Amino acid sequence: MTVTALDPRTALVVIDLQAGIVGAPTQPYSGEEVVARTARLADAFRDRGLPVILVRVSFAADGADALSGRTEAAGRTGTPPEGWDRIVGELAGHEGDITVTKRNWGAFHGTDLDVQLRRRGVTQIVLTGIATSIGVESTARAAYEHGYHVTLATDAMSDLSAEAHDNSVERIFPRLGERGTTAEILELLAKTHD
């Protein structure tokens, strides 16, 4: 286990586990596996009175607030289907959870995530979600830059390619925080918060 500690005020931050994303063909874990593991973590956090933050990405119907910088990659085209930005049922509908809507890759820029965390005295976040190399990594980088301790639940995240996932997990995340499996994080949570 590489996860060594969970602060007394640790929050679970869930990235983009929403209707229009979890069905994508992800690797090395399916969206269904990521959701199931994240739901286990969320239940454990809720049981201990620790914050659960559900981050979703969404844009105006006309796309006016979507990222528009010049890139080599193809951009979003067309109008997303109705409900694509709805948090998946396994995670939605829990009183006390906080929903943050982002319009960028990372969950900090242009949102109230930092305010939500700081007002609750949070000093550490555990991250899960899709996609590892985009939304999760961008959020992890910003969390580290904001001074939070960062823990990455490596089997509760996935990407559109195994190579992109592995690059984040093996090369980037060790520089931003500590990595662990869902089971390791749950075990440490039970030891330190029961």
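Quick note: structure is the one above.
All values derive from a computational prediction rather than experimental measurement.

Draft legend 1. Fine view of the overall build of the protein chain. Helix and strand counts for the protein chain come out as 6 helices and 6 strands. When the elements of the protein chain are put in sequence order from the N terminus, they spell out β-α-α-β-β-α-β-α-β-α-β-α. For the protein chain, with 194 residues in total, the buried portion stands at 48%. Relative to all contacts within the protein chain whose residues are 6 or more apart in sequence, the contacts with residues 24 or more apart total 84%. With the model as given, the accessible surface of the protein chain reaches about 9,600 Å², and the carbon-plus-sulfur share is 49%.

Draft legend 2. Broad picture of the nonpolar core. Counting 31 residues, the largest nonpolar core has L12, L17 and L91 as its most contacted members. Of all the secondary-structure elements, those providing two or more residues to this core are β1 (10-15), α1 (19-22), α2 (31-47), β2 (52-57), β4 (124-130), β5 (149-158) and α6 (182-193). Counting residues per element, this core draws most heavily on α2, at 7 residues. When neighbours within four sequence positions are excluded, L91 is seen to be in contact with V14, L17, T38, A39, A42, R46, L54 and D97. In terms of nonpolar packing, the next biggest core, distinct from the first, is built from 26 residues, A11, A107, L117 and F173 among them.

Draft legend 3. Structural detail: the sheet that holds β1. Strand order across the open sheet formed by 6 strands is β3-β2-β1-β4-β5-β6, with parallel pairing between neighbours. Bordering the open sheet on either side are β3 (98-102) and β6 (178-180), each of which pairs with just one other strand. Within the sheet, the average angular offset between the axes of one strand and its neighbour, ignoring direction, is 25°. With 4 bridges joining them, β1 and β2 adopt parallel strand pairing. From the neighbouring strand, V13 faces β2, where its bridge partner is I53. Together, β5 and β6 form the strand contacts of helix α5 (residues 162-176), whose direction differs from that of β5 by roughly 170°. Running over the sheet, α6 touches β4, β5 and β6 and is turned about 140° from β5.

Draft legend 4. Inspection of α5 at higher detail. The end-to-end C-alpha separation of α5 is 20 Å, in line with the 21 Å expected for 15 residues at 1.5 Å each. Bending of α5 peaks at approximately 35° at the position of V169. Turning to α5, its buried residues are H165, S168, V169, I172, F173 and L176. Residues of α5 that are buried make contact with α4 (132-145), β5 and β6.

Draft legend 5. Local environment of the packing of α2 against α6. As a packed pair, α2 and α6 sit with axes 10 Å apart at the nearest point and diverge in direction by 5°. Classified by the angle between their axes, α2 and α6 sit roughly parallel to one another. Across the interface between the two elements, R37, R40, L41, A44 and F45 of α2 pack against T182, I185, L186 and L189 of α6. Its residues assigned to classes, the contact of α2 with α6 shows 6 nonpolar, 1 polar and 2 charged.

Basis of the calculations
Residues numbered from 1 in each chain as written. Predicted model: local features only at pLDDT ≥ 70, side-chain atom pairs only at ≥ 80, totals over all residues. Heavy atoms only, no water. Helix = DSSP H or I, 4+ residues; strand = E, 2+ residues; numbered from the N terminus. Buried < 20%, exposed > 50% of the residue type's maximum accessible area, 1.4 Å probe, protein only. Contact = heavy atoms within 4.5 Å. Areas by Shrake-Rupley, 256 points an atom, 1.4 Å probe, with all protein chains shown as cover. Core = buried A, V, L, I, M, F, W, Y, C linked by side-chain atoms within 4.5 Å. Pairing = 2+ DSSP bridges. Axes fitted to C-alpha atoms, helices over the stretch in contact; angles between N-to-C directions. Expected span 1.5 Å × (residues − 1). Bend = angle between axes of the 7 residues up to and from the residue. Parallel < 35°, antiparallel > 145°, perpendicular 65-115°, else oblique. Nonpolar A, V, L, I, M, F, W, Y, C, P; charged D, E, K, R; others polar.

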